[in-house]
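So the chains spell out like this:
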Amino acid sequence: AAIGFKVAVASLNVSLQKEAVYPRKDFAIIPSSIGDWQATGEDVRYDAAGVEALGTELYLTRIYLNNSSSTPAIQLHLAYYTGQVDAVPHVPDRCMVAGGYVPLTPEPRTLDLEIDVTNWKTDSLTLDDEPYQFVWTTNSITGKQEKVRLPIGDLQLRTTQFSHPRLADGHVFAGYFFIANGKTTPYPERIRVIAYDPFESHAFYCKVQFTIQGDSNFNIEDFSQIVSEFTSKALPEIMKCIPDWTEVRQENER
């Protein structure tokens, strides 16, 4: 039976062990200035226990302020995982509860992000018969134009509202989505389906998370609007660091 299983797996070109594929660039090079948003303070660095709890050393936690409005600060958190078939994503609706936050929404809500796609263009390359979108950006060092492919799928945010005894009547919104093997999903349970496709030899996923603390008048629509505006500017910069899945697949075919 064991021999037959191995033969069947080989004949179907099924890959049960995933090869790691690492970011193209360190997340630290994501600009401190993104549109009207400016980074404030130092990037958060976790100690050994924090890194162990996160499950990866490839992460970024940074706070941005909007210089052109009075909107509250937004915390961007990226956590990158690769080659780990059994990796369980750390998400706010689990981890923040463990940290003493009280969820005010019975279940996380999935919000559609209103992304500015004015500069998006359709690529000739596809994934599962769906064409990639891309943008042209300028390399800050060389000044040359760079083509940055964007992940395929609707950009949606899995969002939870929290309170905390120390926040009085204020509250916190936290939302996230994942980029996995060239696709997006807001659902942690979809990671295994997308990133660990048995017919792919490599696997990665990146959690993209946003957290905003607001007063009693700050609501989920405000949160969605701020995240949409920020993501419209930040997504191409994030994708410069994340592997281009078309290049990963082309390299595997050689």
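Described below are features of the structure shown in this document. (Residues numbered from 1 in each chain as written. Predicted model: local features only at pLDDT ≥ 70, side-chain atom pairs only at ≥ 80, totals over all residues. Heavy atoms only, no water.)

1. Considering helix 6 (residues 245–253)
The line we're drawing: For every residue, the accessible area (1.4 Å probe, protein chains only) is compared with the maximum for its type, and the residue is labelled buried under 20%, exposed over 50%, or partly exposed between those bounds. Numbering goes from the N terminus for both helices and strands, where a helix is a DSSP run of H or I of at least four residues and a strand is a run of E of at least two. By arc we mean the arc of the directions from the helix axis to the C-beta atoms, nothing more. Should any heavy atoms of two residues lie within 4.5 Å, those residues are considered in contact.
For helix 6, the set of buried residues is Trp245, Thr246 and Val248. For helix 6, the buried positions fall inside an angular range of 160° around the axis, keeping them on one side. Where helix 6 is buried, its residues touch strand 8 (121–127), strand 9 (130–138), strand 10 (145–150) and strand 14 (202–214).

2. Thoughts on the packing of aromatic side chains
To keep things clear, this is the line we draw: By convention, a stacked pair of Phe, Tyr or Trp rings (six-membered ring in the case of Trp) has centres within 6.5 Å and planes under 30 degrees apart, an edge-to-face pair has planes over 60 apart, and any other such pair is tilted.
As enumerated under the stated definition, the model contains 15 aromatic pairs in all. Consider the rings of Tyr80 and Phe204, whose centres lie 5.5 Å apart with planes at 10°: the pair is stacked. Here Tyr80 is found in strand 5 (residues 74–82), whereas its partner Phe204 is found in strand 14, with 124 residues between them in sequence. Taken as a pair, Tyr80 and Phe204 share a single burial class, namely buried. Ring geometry for Tyr176 versus Phe178: centroids 5.6 Å apart, planes at 65°, classification edge-to-face. In this pair, the class of Tyr176 matches that of Phe178, namely buried.

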